[in-house]
Amino acid sequence: RGLLAAMLCGLALAGCGSGDELLTIGRVGRPGAPKALGLQVNALRPDAALIRSDLDAGRYQTAERRARALVNLLSNSTDRQELADATDMLVESLWRNGRSDRETRDLAARALSDRIALEGEAGDEVSVALANVGNAWLIAGEYSLAISAFERSLAIRERVTGRQPVRLGDSLDDLARALMVA
């Protein structure tokens, strides 16, 4: 049974093209599933680590697609933290792809509001959400709003992380980019 399940999983993974989709074997039957073992091949929800990997590799459209799927999946979930993480990644994928339309800015504002509700005004993830808001405004050409968001993000990072160079460097870089174009 285990060998057959592994073979089915291998066939399913081989058949998914570019490897974009994660697949697993389940025990709930449905039309087309192998009836003899009661197994089913299901697509798993997008993984946050996979979305982060796409963002880091510059695959912004793929990250956007996966993040949208995860946000939609989690929209009725009680796990507000996981939804906030997914929304942050969706916003990041949008602005990194050069989008700063109304949807992007609304999503960024909602993500920031959700972060503040979860962590209070000074949480480290609030600084990430503020950076996303700032980047959305920066791309939209609203430099004063971007600078304000980046300054708030930097202030939170200084309080929360101390003087950790990597985290502060990100915030300082965001602020410097906005100041150079303003």
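Check the entry above for the structure.
About the cut-offs
Residues numbered from 1 in each chain as written. Predicted model: local features only at pLDDT ≥ 70, side-chain atom pairs only at ≥ 80, totals over all residues. Heavy atoms only, no water. Salt bridge = Lys/Arg side-chain N within 4 Å of Asp/Glu carboxyl O. Helix = DSSP H or I, 4+ residues; strand = E, 2+ residues; numbered from the N terminus. Buried < 20%, exposed > 50% of the residue type's maximum accessible area, 1.4 Å probe, protein only. Contact = heavy atoms within 4.5 Å.

Enquirer: Talk me through the pattern of salt bridges; I want residue IDs and the actual numbers.
Expert: Applying the stated criterion across every chain yields a total of 19 salt bridges. For R52, the salt bridge identified is with E92, shortest N-O distance 2.8 Å. Taken as a pair, R52 in helix α2 (residues 48–56) and E92 in helix α4 (residues 80–96) lie far apart in primary sequence, 40 residues in all. With a relative accessible area of 31%, R52 lands in the partly exposed category. Its salt-bridge partner being R96, residue E92 comes within 2.8 Å of it at the nearest N-O pair. Of this pair, E92 and R96 both sit in helix α4, 4 residues apart, which is roughly one turn of the helix. Take R96: its relative accessible area is 36%, and that puts it in the partly exposed class. Because the salt bridges share partners, they merge into one network encompassing E64, R68, R99, D101 and E103.

Enquirer: Could you give an account of the environment of L107, naming the residues involved and the relevant values?
Expert: Summarising the element assignment, L107 is placed in helix α5 (residues 102–119). When neighbours within four sequence positions are excluded, L107 is seen to be in contact with T87, L90, V91 and L94.

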